[in-house]
Amino acid sequence: MMKGAEAIAEGAIHAGCRFYFGYPITPQNDIPEYLSRELPKVGGTFLQAESEVASINMLLGASAAGARVMTSSSGPGISLKQEGISYLAGSELPGVIAYVSRIGPGLGGIAATQGDYKQVTAGGGHGDYYTIALAPSSVQEMFSLTKLAFDLSDKYRNPAIVLADAILGQMKEPVEIGERPALEDIEMPEKPWALTGAEGRDAQLVKSLFLGDGEMEVQNWKLYDKYEKLKKEDTYYEELQLEDARLMIVSFGSCSRMVLSGIEMARAEGLKVGLLRPISIYPFPEEAVRKASEAINKVLVIEMNTGQMVKDVKVSVDRAADVHFYGRPGGGLPTPDDILAEIKKVY
Amino acid sequence: MTTEAKDKPKKVYGRPESLKDVGFHFCPGCNHGNVHKMVAEAIDEFGVREKTIGVAGVGCGVFLYNYIDIDVLEAPHGRACAEATGVSRVHPDHVVFTYQGDGDLAAIGIAETIHAANRGEHITVLFVNNTVYGMTGGQMAPTTLLGQKTTTSPYGREFMGEGYPIKMAEMLATLEGTAFVARVACNTPKNIMAAKRAIKKAFKMQIDKMGFTFVEILSACPTNWGMDAVTANKRVEEEMIPYFPLGILKERTTADYL
Ligand SMILES: Cc1ncc(C[n+]2csc(CCOP(=O)(O)OP(=O)(O)O)c2C)c(N)n1
Ligand code: SF4
């Protein structure tokens, strides 16, 4: 049994992350608390920074120096990190950001929400870039997707976010994680671009400033090509009971768990309902949603917000199906009964 | 027998090995070039070119990497001390330094600076104080002197509303984490010699793991001061040094923080 937030922290250790920089904010404090205790045991460095701004920049420095490194935060803290995240993307540096959402805007509240889907999947900071974004729906996935986030972040040299919420962060579930591997046994890519001192090679540079004529256009297209490759090779989703479905629900994260209970109730009444759950929310599983919607021409999107992912669903479906939306923002939770009622409305 | 070797003049001035053979883009009379050269000399003196990582702040010094032949990371504006913390934590045996202007270090990045100093990060911070935002066109900086006219203090900086110029070296010297704090200038040959010594000392103390080392370098920005180089140097002497006194403010002799 493990808490969701701790599963993220343990996932990082299993991925070979030995550096963490962060600043306290509810509801993600279990992550720094766990790592402040566990990282020193594996020879790692835990540093509580003076702010989220400082912590994302410490992450940038450690990443440029070649290390696997993580930070974590929530709402206002992630907003503060956005300049640094943009610099990571611009400098083509990896780095993992664990995001346990809280309600916004402003200081908002600390209950579970999916109001940050838009911020996370749209890049979030300035410039023409995206962050890789994975959305777990169980404690097991908090662990495994954190590990995957490190691999993808290194593979694409681009920041990666694991997006969860207070439900997932606080939830305790059995997990299978195995023994902590020794650092030497963890498979990590070589980083010939890292700043290690110019010993036996030419001096290297990590930067995001390109002032030469047309240089930035080339750089932006280079990033674009990376995101296209990411879409092709690393889009993740789960399909449940879609084979015979007349209605497809699209839902992610903790919300999809409540949706599953609603689907069970609907199935008991003979309603053929299935679920498509995006696991990577950037890249969004456009292709999968489009294909599924060709056969099932009714789609219901359920989110804990006023309607954010539904826009990606609409673009993916491209008018091949009717897209309905049910949302509960600001900490409201859709109960299985609410979901059943919505299913009946659009079925 | 040849007398060649004997007759050859002794080399007293030359380009440091770590300094690339390219011309600086700085304006005439700008002291950034002097400071770059001193940094390269310090790196050569200790033979640490291959284990030095520089962190360039955003300002006229951002192109550090075009001139000094070492690994360089470009930090976002103000954050160099945070980047340097990350680099130095990953490579504790390397020499890590930041190169920052007064807007970068004393305005937007003051929190990162103070906390890196307070943690006693094993980094060297080179702080080029020219009393203006050079790169963006000469706006008011936290170090702009009272009465000084800049593009955003057209009537002269006033205490009421704009505050007093910040003395970074004095502030940082009060922190337990700082091992070495000095303020130097580049306006006279004598001051340049003292500046070189201070920068070398700062690197040496970092290499000796003494803690955070900080050198504030009073510098001329003739372009944004609207002066020629000679007048700008005079201003450093007559206006800056009286307010920002030169000297070593703090020097730890042993790792007594342990
Ligand atoms: C977040 C952010 N705000 C503002 C800027 C614009 N900017 C670039 S350099 C600079 C100030 C440079 O002045 P200083 O640090 O004193 O260095 P100097 O150019 O004088 O050497 C500013 C405000 C920026 N790049 N990023
Ligand atoms: S603007 Fe000022 S600081 Fe920048 S290069 Fe010119 S003289 Fe130097």
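Residue indices begin from 1 for each chain and proceed along its sequence in written order. Lettering of chains starts at A and numbering of ligands starts at 1, both following the order in which they are written. Local features are withheld for residues below a pLDDT of 70 in this predicted model, meaning they are given only at 70 or higher, and side-chain atom pairs are given and counted only at 80 or more; totals for whole chains, interfaces and linings count all residues. Excluding hydrogens and water, the side-chain figures rest on all heavy atoms present in the structure.

Colleague: Quick question: what am I supposed to make of the packing of helix α4 (residues 80-90) of chain B against helix α6 (residues 110-118) of chain B here?
Modeller: Axes are the key here: two packed helices are described by the angle between their axes and the distance separating the axes. Residue and element names in this part refer to chain B. Inter-axis angles, ranging from 0 to 180 degrees, are taken between N-to-C directions of lines fitted to C-alpha atoms, where helices are fitted over the stretch in contact. The way it works is that DSSP assigns letters per residue, a run of H or I at least four long becomes a helix, a run of E at least two long becomes a strand, and they are numbered from the N terminus. Contact geometry of α4 with α6 gives a least axis separation of 7 Å together with a crossing angle of 40 degrees. As summarised for this structure, α4 and α6 are arranged oblique, according to the angle between their axes. Mapping the contact onto sequence places Cys 81, Ala 82 and Thr 85 in α4 and Glu 112, Thr 113 and Ala 116 in α6. Of the residues contributing to the contact of α4 with α6, the split by class is three nonpolar, two polar and one charged. Orientation is classified from the angle alone, with under 35 degrees giving roughly parallel, over 145 giving roughly antiparallel, 65 to 115 giving roughly perpendicular, and any other angle giving oblique. Any two residues having at least one pair of non-hydrogen atoms within 4.5 Å are treated as being in contact. Ten residue types, Ala, Val, Leu, Ile, Met, Phe, Trp, Tyr, Cys and Pro, are classed as nonpolar, four, Asp, Glu, Lys and Arg, as charged, and the remainder, Gly among them, as polar.

Colleague: What am I meant to see in the environment of A:Val317 here?
Modeller: All names here are of chain A. The topology assignment puts Val 317 in helix α11 (residues 309-317). For each residue, the accessible area found with a 1.4 Å probe, counting protein chains only, is set against the maximum for its type, and the residue is called buried under 20%, exposed over 50%, and partly exposed in between. Since its relative accessible area comes to 2%, Val 317 is described here as buried. Linking Val 317 and Ala 292, residues 25 residues apart in sequence, is a C-alpha distance of 8.8 Å.

Colleague: Mind showing me how you'd approach α6(B) here?
Modeller: For an α-helix, 3.6 residues make a turn, and residues three or four places apart therefore share a direction. Buried residues of α6(B): B:Glu112, B:Thr113, B:Ala116 and B:Ala117, and no others. Angular distribution of buried residues about the axis of α6(B) spans 125 degrees; they occupy a single face of the element. Where α6(B) is buried, its residues touch α3 (52-64) of chain A together with α4, α5 (102-108), α8 (168-173), β7 (178-185) and β8 (212-218) of chain B. Just past α6(B), the residue B:Gly120 takes up positive phi, approximately 65 degrees. What the arc describes is the spread of directions from the helix axis to the C-beta atoms.

Colleague: What should I look at first to understand the sheet that holds strand β6 (residues 132-134) of chain A in this one?
Modeller: What holds strands together in a sheet is hydrogen bonding between their backbones, with the strands either parallel or antiparallel. Residues and elements named next belong to chain A. Note on pairing: two strands pair once DSSP finds at least 2 bridges between them. Strand order in the open sheet made by the seven strands is β3-β2-β4-β5-β7-β6-β13, with mixed pairing throughout. The open sheet is flanked by β3 (45-48) and β13 (280-282), the only strands paired with a single partner. Neighbouring strand axes in the sheet, compared pairwise and without regard to direction, differ in orientation by 20 degrees on average. Where β6 meets β13, two bridges bridge the pair, whose relative direction is antiparallel. Across the sheet, residue Ala 133 finds its bridge partner in β13, namely Tyr 282.

Colleague: Mind showing me how you'd approach the site of ligand 2 here?
Modeller: All names here are of chain B. Being near a molecule or strand, for a residue, means having at least one of its heavy atoms within 4 Å of it. Taken together, Phe 26, Cys 27, Cys 30, His 32, Cys 60, Asn 130, Gly 134, Cys 221, Pro 222, Thr 223 and Asn 224 make up the full set of residues adjacent to ligand 2. Of all the elements, helix α10 (residues 222-225) adds the most residues to the shell around ligand 2, at three residues. Residues that form the shell around ligand 2 fall into these classes: six nonpolar, five polar and no charged.

Colleague: Looking at this model, I keep getting lost on the packing of aromatic side chains. Mind explaining?
Modeller: What describes a pair of aromatic rings is the distance from one ring centre to the other and the angle between the planes of the rings. Pairs were defined over the aromatic rings of Phe, Tyr and Trp, the Trp ring being its six-membered one, requiring ring centres within 6.5 Å. Orientation was assigned from the angle between planes: stacked under 30 degrees, edge-to-face over 60, tilted for the rest. Overall, the coordinates contain 14 aromatic pairs over all chains when judged by the stated rule. Here A:Tyr130 and A:Tyr282 contribute two aromatic rings whose centre-to-centre distance is 4.5 Å and whose plane-to-plane angle is 5 degrees, an arrangement assigned as stacked. With A:Tyr130 in the loop between α5 (117-121) and β6 and A:Tyr282 in strand β13, the pair connects residues that are 152 residues apart, well separated along the chain. A:Tyr282 gets classed as buried once you look at its relative accessible area, which sits at 8%. Aromatic pair B:Phe127 and B:Phe214: ring centres 5.8 Å apart, planes at 35 degrees, arrangement tilted. With B:Phe127 in strand β4 (residues 124-129) and B:Phe214 in strand β8, this pair connects stretches of sequence that are 87 residues apart. No difference in accessibility class separates B:Phe127 from B:Phe214, as the two residues are buried. Aromatic rings pair up to connect A:Tyr130, A:Tyr227 and A:Tyr282 into one cluster.

Colleague: Would you take a moment to explain empty space enclosed by the protein for this structure?
Modeller: Where empty space is left becomes clear once a probe the size of a water molecule has been rolled over the atoms. Residue and element names in this part refer to chain A. Only protein atoms enter the calculation, which uses a 1 Å grid: trapped sets of points that fit a 1.4 Å probe without letting it out are cavities, open sets showing protein on both sides within 12 Å along at least five of seven lines are pockets, and any residue with an atom within 4 Å of a point is a lining residue. Grid points are joined across faces, edges and corners, and a volume is the space filled by probe spheres set on the points. Considering all chains together, one arrives at two cavities of 30 Å³ or more under this definition. By volume, the largest cavity is sized at about 60 Å³. As for the largest cavity, its lining consists of Thr 113, Gln 114, Pro 136, Leu 163, Ala 164, Asp 165, Leu 168, Phe 252, Gly 253 and Ser 254. Of all the secondary-structure elements, those providing two or more residues to the lining of the largest cavity are β7 (159-164) and α9 (253-268). Considering only residue class, the lining of the largest cavity consists of five nonpolar, four polar and one charged. Delimitation of the domains relies on an automatic or database domain assignment. There are two domains that each give the lining of the largest cavity at least three residues, and those are domain 1 (2-185) and domain 2 (237-346).

Colleague: Please explain unusual backbone geometry as it appears in this structure.
Modeller: Residue and element names in this part refer to chain A. Cis geometry is adopted by the peptide bond preceding Pro 27, which originates at Thr 26 and carries an omega value of 5 degrees. Position of Pro 27 relative to the elements: it lies in the loop between β2 (19-22) and α2 (30-38). The peptide bond linking Tyr 282 to Pro 283 adopts the cis configuration, its omega dihedral lying at 0 degrees. Inspection of the secondary structure assignment puts Pro 283 in the loop between β13 and α10 (286-295). The phi dihedral of Glu 92 falls on the positive side, at around 55 degrees, and the residue is not glycine. Looking at the secondary structure, you find Glu 92 in the loop between α4 (75-90) and β5 (95-100). Not every positive phi belongs to a glycine, and Gln 241 is a case in point at roughly 55 degrees. With respect to the helices and strands, Gln 241 occurs in the loop between β10 (237-240) and β11 (247-250).

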